[in-house]
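Tertiary structure, described
What follows is the residue order along each chain.
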Amino acid sequence: MASKKKKKQQELVDINQSIVGKEPEPVAPASDTEDDEFEKLLNSFINSGDDTAENTPSANNSEEVKIKHKDLESLNILPQHEELKSQPGDYEENKSIPELGADEKELAQAYENFLNAVTAIANMREIILPDFLFSKQMLYPNYKPSTGRKIVADASVCWDIMLQAFPDKLSSIKPHASDEEFLNFAEGLSDQNLQLAIISYVEILIDIENCEISYEEKRLKAQRRRIERELYEEYQRRQERKQRFIEAVAKRDFPVDAERLINNYFKTALKDAEGAYDALTKNPAVYAPIENDKIKPRLFGLIKPTPKDGIRENCRLGKFLKNLKA
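Here we summarise the structure given alongside this text. (Residues numbered from 1 in each chain as written. Predicted model: local features only at pLDDT ≥ 70, side-chain atom pairs only at ≥ 80, totals over all residues. Heavy atoms only, no water.)

What to know about the packing of helix H10 (residues 258-269) against helix H11 (residues 273-282)
In contact at an axis separation of 8 Å, H10 and H11 are set at 150° when each is read in the N-to-C sense. Taken together, the axes of H10 and H11 are roughly antiparallel relative to one another. Where H10 approaches H11, its residues Leu 261, Tyr 265, Thr 268 and Ala 269 are matched on the opposing element by Ala 273, Ala 276, Tyr 277 and Leu 280. (Axes fitted to C-alpha atoms, helices over the stretch in contact; angles between N-to-C directions. Helix = DSSP H or I, 4+ residues; strand = E, 2+ residues; numbered from the N terminus. Parallel < 35°, antiparallel > 145°, perpendicular 65-115°, else oblique. Contact = heavy atoms within 4.5 Å.)

As structure tokens, this is what we get:
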């Protein structure tokens, strides 16, 4: 008899572990601090109003989850939600919370249904409810992985309550049961509270997966925007620096096309910065030829420029560029 009881308890532990392990893992696990650091960037992206869907694998996965959720709604095993009185909590006390996104709204509703059902079970069996971690405000302005982890933790606690209330019924659930197996199990239950709890739990799994996919899509878009902005800012700094060099060379009236010289140097520096700089300071004529006709004649115009004067101007320009800071 003792061994049979011990076996029964082990079965309950296995079921609980399988249920707790069933919730989807966050796409990119991160600490709350990392979530908060990224939150400002992501919120800025969301507020820009660019919700254009892209043909990415993650977008396709999102559609699959939504189709799966519609299939769940089409099942005729959902009990009437009106039969359960809403429990006082965040959902009634915070009606002034701004409108949530579609994915977040579905997740909040599924969580509320699940918590209401578990609360009814706990009251019926006189089980004390703990303080839960999740509140609806956490889904505003958008879902993030740290919020999902709080929902998962609450769901685990709720399953402990359900196992205490219905140890015999829940012991028949297979370890690592699929969504379909959970729903088939719920269809055969006579207790509406337990039925609603299991169905709502499956909805939570689907909605969290949907929110994770949407979050990752937004995160990648925001990350791309940040990279594009940084590249543009770097381009602007580069253009400004080039212009300062051009103006500095032109101001000294060197017999050379200053714009051509600096533009060619910067273009070469992209491939070989060290070699490009060495050439610029030793033989700048490789980037733009010395224009002998622009060299001023000596001795009041009596001595016209010669190729040697071009070489001398090339060396003088190289020394100038070596000491130039712009």
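Some details on the packing of aromatic side chains
Enumeration over the complete set of coordinates arrives at nine aromatic pairs. Residues Phe 182 and Tyr 201 carry aromatic rings whose centres are separated by 5.9 Å and whose planes lie at 65° to one another, so their mutual orientation is edge-to-face. One end of the pair, Phe 182, is in helix H8 (residues 179-187); the other, Tyr 201, is in helix H9 (residues 192-251), with 19 residues separating them in the sequence. The two residues Phe 182 and Tyr 201 agree in class, both being buried. If you follow Arg 125 out to its NZ or CZ, it ends over the ring of Phe 166, 4.6 Å from the centre. (Phe/Tyr/Trp six-rings, centres within 6.5 Å; stacked < 30°, edge-to-face > 60°. Buried < 20%, exposed > 50% of the residue type's maximum accessible area, 1.4 Å probe, protein only. Lys NZ or Arg CZ within 6 Å of the ring centre and 35° of its normal.)

Remarks on the pattern of salt bridges
Applying the stated criterion across every chain, the model contains seven salt bridges. Here Lys 282 and Asp 278 are joined by a salt bridge, their closest N and O atoms 3.1 Å apart. Of this pair, Lys 282 and Asp 278 both sit in helix H11, four residues apart, roughly one helical turn. Taking relative accessible area as the criterion, Lys 282 reaches 60% and is therefore assigned exposed. A salt bridge links Glu 313 to Arg 316; the nearest nitrogen and oxygen atoms lie 2.8 Å apart. Here Glu 313 pairs with Arg 316, and both are found in helix H12 (residues 307-323), just three residues apart, close to one helical turn. (Salt bridge = Lys/Arg side-chain N within 4 Å of Asp/Glu carboxyl O.)

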